[in-house]
Amino acid sequence: MMMVDWIYKQVLEFQATEPVLWIPSKLWFSFLSRRLTILNKTHERIYRMQPPNYGVISGLFAYLMQSVIFTPPKVNAYVRESLAALQYKRHCDTFGMFFLDTLDLNNAGCLIAEILPEDDVSVFRILGPLVRKPRMPIASREEDEEDLTQYPIGKRPTWKQITRSLEANPTTLIKKWDGMPADLFQYENANEGSTEEMACDIFCKFTSQMWMALHEEWRIDATFDIAPRTIEVALTQWTVDFVLQHCVNPIFVPCNTGFEHVTGRHVASFEARFKMYFPLESEGVLGKFWSTFGAEPGYIHDFQQTMKDVIHKEELPRCLEDLLRQCQCLPDSARSKSTNRGWHIHQKRMVILTNPEFYSILEVGEKTTVTSRRLEKEQRAAPAHRSERERKILMLQAKGFSQEIAIKAINAQRTARRKALGDTGRSKKAKNKRVAPDRNKKQEKSRTDSEEGSSDSGESSLSKPSSSQSEESS
């Protein structure tokens, strides 16, 4: 507290002198651009979370984006209330800038504690009904609460449901990271100079250098430096929560290894991706991206040098396979003759591959059959309105007529209307049904047409004189 008070006092003394600071335009506009970029990326992440007060937060972020360049001339009432609750004016008067220090992106239920927790009528009146992203698929009602907790989208969801679940919110399907599993106890307490310790050092270096290779535009905090010192920290940096906290606009895709009823391109398992991330020296020249790691001080260089010194050549690869198997997610990397990449961007989103070992499911279910689709259609909710016939019958009953008389009257009106329009009572399908032509009638018609044609030609030949007759007569 003493340090904070001292800083506050220094700021007040600095403001009392009324100084003038001259800043180069390049530095100033790059600073403004950086502020807008951070606000935009943070708002994109909030959009993916879809909190209950998304309209209020969107109005607040729109005001902050406008305030970077100018003072907004028109401010909605719910935005003014949020600014007052966050003490916007006091912050700006003190520091000349506003800091949203209470924003907690890890708490989807309450991102900012001071503002309105849910969108109300005043927000909907201005923004209209907000079109939110579709809800996550949930299990059937027949399953008990324990199954819903253990299998959020069901025990046997289809591959399409798994894909949609990962796109909407990967934390629903993927189990939360609970720290080092018991299977990796020998790595956490590895003896000095053992193969396990070598594997942990190489894996920590692999984690650090892969994150170094990620472009700063795809980081929420562009200046963050990741250098794990322990294997537990390194594995934590390959969890879904960590990627959501540090990456911009990621999309999580499933891995189809070990599943039945799944079609499409086969994706290598996390364990099998060892051959891609840790190539041996005998495999030859690396690609453009991976060659950086193959030279000193790259992690591939360290791995290849360690393989020369280790006695049991198969132990170090086995240890690295065990560590890769415990990663919740990894970049959608590729190392082939045609494709060499560490991180993959598809449709302006960073693709992250998820580990099926952490899916909260029993197995992948089969595709929806025609019968099940028909059952789903039959189980749809009832329409909002009664049919026209039912409405007319109820209105006649309201006037005092019995149900039988009301039905007869409606039927009589329908029959009279059909007769007036010349309707035969057939359905549209029956009316539009194609009738095959009668071949006998067609043959008779062609025969009569030929006879009429021959008679016409005879008459024309008699009526028209020949050219010699015309010359004699002349």
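Rules used in this analysis
- Residues numbered from 1 in each chain as written.
- Predicted model: local features only at pLDDT ≥ 70, side-chain atom pairs only at ≥ 80, totals over all residues.
- Heavy atoms only, no water.
- Helix = DSSP H or I, 4+ residues; strand = E, 2+ residues; numbered from the N terminus.
- Buried < 20%, exposed > 50% of the residue type's maximum accessible area, 1.4 Å probe, protein only.
- Contact = heavy atoms within 4.5 Å.
- Areas by Shrake-Rupley, 256 points an atom, 1.4 Å probe, with all protein chains shown as cover.
- pLDDT = per-residue confidence, 0-100.
- Phe/Tyr/Trp six-rings, centres within 6.5 Å; stacked < 30°, edge-to-face > 60°.
- Patch = residues over 30% accessible without salt bridge, like charges linked within 9 Å, V, L, I, M, F, W, Y side chains within 5 Å.
- Salt bridge = Lys/Arg side-chain N within 4 Å of Asp/Glu carboxyl O.
- Axes fitted to C-alpha atoms, helices over the stretch in contact; angles between N-to-C directions.
- Parallel < 35°, antiparallel > 145°, perpendicular 65-115°, else oblique.
- Left-handed = near helix turned anticlockwise from the far one by under 90°.
- Nonpolar A, V, L, I, M, F, W, Y, C, P; charged D, E, K, R; others polar.
- Disulfide = S-S within 2.5 Å.
- Pairing = 2+ DSSP bridges.
- Expected span 1.5 Å × (residues − 1).

1. Comments concerning the overall build of the protein
Stage number 1. For the protein, the count of helices and strands is 23 helices and six strands.
Stage number 2. Residues counted as buried form 33% of the 474 residues belonging to the protein.
Stage number 3. Excluding contacts between residues fewer than 6 apart, the proportion of contacts in the protein whose partners are at least 24 apart in sequence is 70%.
Stage number 4. Approximately 31,900 Å² of the protein is accessible, and the part contributed by carbon and sulfur atoms is 53%.

2. Overview of the confidence of the model for the protein
Detailed conclusions should not be drawn from predicted coordinates in areas where pLDDT is low.
Stage number 1. When pLDDT is averaged across the protein, the result is 79; 78% of the residues are at 70 or more.
Stage number 2. Per-element mean pLDDT across the protein ranges from 44 in helix α23 (residues 467–473) up to 94 in strand β2 (residues 329–331).
Stage number 3. Low pLDDT (under 50) marks residues 369–373, which in the prediction has one contact with non-local residues, meaning those over four places away or in another chain.
Stage number 4. Counted against residues more than four places away or in other chains, residues 375–379, with its pLDDT under 50, gives one contact.

3. What to know about unusual backbone geometry
Stage number 1. Pro-297 follows Glu-296 through a cis peptide bond whose omega is 10°.
Stage number 2. Here Pro-297 shows up in the loop between α15 (291–294) and α16 (299–309).
Stage number 3. In this structure, Asn-249 is a non-glycine residue whose phi angle is positive, near 50°.
Stage number 4. With respect to the element layout, Asn-249 can be found in the loop between α13 (240–246) and β1 (250–253).
Stage number 5. One non-glycine residue, Gln-347, lies in the positive phi region at around 55°.
Stage number 6. Along the chain, Gln-347 turns up in the loop between β5 (344–346) and β6 (349–354).
Stage number 7. Among the residues examined, Gln-347 registers a relative accessible area of 68% and is labelled exposed.

4. As for the packing of aromatic side chains
Stage number 1. As enumerated under the stated definition, the model contains 24 aromatic pairs in all.
Stage number 2. Taking 5.4 Å as the distance between ring centres and 85° as the angle between the ring planes, the aromatic pair formed by Phe-289 and Phe-293 counts as edge-to-face.

5. Focus on a nonpolar patch on the surface
Stage number 1. Together, Phe-14, Leu-21, Ile-23, Leu-27, Trp-28, Phe-29 and Phe-31 make up a nonpolar patch on the protein surface, roughly 740 Å² of accessible area in all.
Stage number 2. The biggest single contributor to the nonpolar patch is helix α2 (residues 25–49), with four residues.
Stage number 3. Position of Phe-14 relative to the elements: it lies in helix α1 (residues 2–16).

6. Some remarks on the packing of helix α19 (residues 388–398) against helix α20 (residues 403–421)
Stage number 1. In the contact formed by α19 and α20, the axes pass within 9 Å of each other and the chain directions differ by 130°. Here α19 lies oblique to α20, going by the angle between them. In the crossing of α19 with α20, the sense of the turn from one axis to the other is right-handed. Packed against α19, whose contacting residues are Arg-389, Lys-392, Ile-393, Leu-396 and Gln-397, the element α20 presents Gln-403, Ala-406, Ile-407, Ala-409, Ile-410 and Asn-411 at the interface.
Stage number 2. When grouped by side-chain class, the residues that make up the contact of α19 with α20 number six nonpolar, three polar and two charged.

7. Let's talk about the environment of Trp-177
Stage number 1. Mapping Trp-177 onto the fold places it in the loop between α9 (170–173) and α10 (185–188).
Stage number 2. Between the C-alpha atoms of Trp-177 and Thr-239, which are 62 residues apart in sequence, the distance is 6.9 Å.

8. Section: the environment of Phe-293
Stage number 1. When you line up the elements, Phe-293 lands in helix α15.
Stage number 2. Residue class for Phe-293 comes out buried when judged on its relative accessible area of 7%.
Stage number 3. Placed 16 residues apart in sequence, Phe-293 and Tyr-277 show a C-alpha to C-alpha distance of 9.9 Å.
Stage number 4. Among all residues touching Phe-293, those that are not within four sequence positions of it are Gln-209, Met-210, Ala-213, Gly-298, Tyr-299, Ile-300 and His-301.

9. Section: the state of the cysteines
Covalent bonding between the sulfur atoms of two cysteines defines a disulfide.
Stage number 1. Tallied over the entire structure, the rule returns zero disulfides.
Stage number 2. No disulfide involves Cys-247; its sulfur sits 8.4 Å from that of Cys-329, the nearest cysteine.
Stage number 3. Among the residues examined, Cys-247 registers a relative accessible area of 0% and is labelled buried.

10. As for the pattern of salt bridges
A side chain with one charge can pair with a side chain of the opposite charge if their charged atoms come near.
Stage number 1. Going through the model one piece at a time under the given rule, you end up with 12 salt bridges.
Stage number 2. Among the ionic pairs, Glu-315 bridges to Arg-318, the shortest N-O distance being 2.7 Å. Here the residue Glu-315 and the residue Arg-318 both occupy positions in helix α17 (residues 315–325), the gap between them amounting to three residues, near one helical turn.
Stage number 3. When its relative accessible area of 34% is taken as the criterion, Arg-318 is described as partly exposed.
Stage number 4. Residue Lys-392 is joined to Glu-388 by a salt bridge in which the shortest nitrogen-to-oxygen separation is 3.4 Å. You can see Lys-392 and its partner Glu-388 sitting in helix α19, four residues apart, about one turn around the helix.
Stage number 5. Accessibility expressed as a relative area gives 27% for Lys-392, which makes it partly exposed.
Stage number 6. Three or more residues joined by partner-sharing salt bridges are found here, namely Glu-271, Glu-315, Arg-318, Asp-322 and Arg-325.

11. Structural notes on the pairing of β6
Stage number 1. Taken across its six residues, β6 has five buried, putting it largely inside the fold.
Stage number 2. Pairing geometry for β1 and β6, over four bridges, is parallel. In the sheet register, Pro-250 faces β6, and the bridge partner there is Met-350.
Stage number 3. In terms of strand pairing, β2 meets β6 through three bridges, oriented antiparallel. Along β6, the bridge assignment pairs Pro-331 with Ile-352.
Stage number 4. When β5 meets β6, the two strands line up antiparallel, connected through three bridges. Counted as the bridge partner of His-344 is Val-351 from β6.

12. Description of helix α11 (residues 195–212)
Stage number 1. Taking 1.5 Å per residue as the helical rise, α11 with its 18 residues ought to reach 26 Å, and the 26 Å between its terminal C-alpha atoms agrees with that figure.
Stage number 2. Those residues of α11 lying buried are Thr-195, Ala-199, Cys-200, Ile-202, Phe-203, Cys-204, Phe-206, Thr-207, Ser-208, Gln-209, Met-210 and Trp-211.

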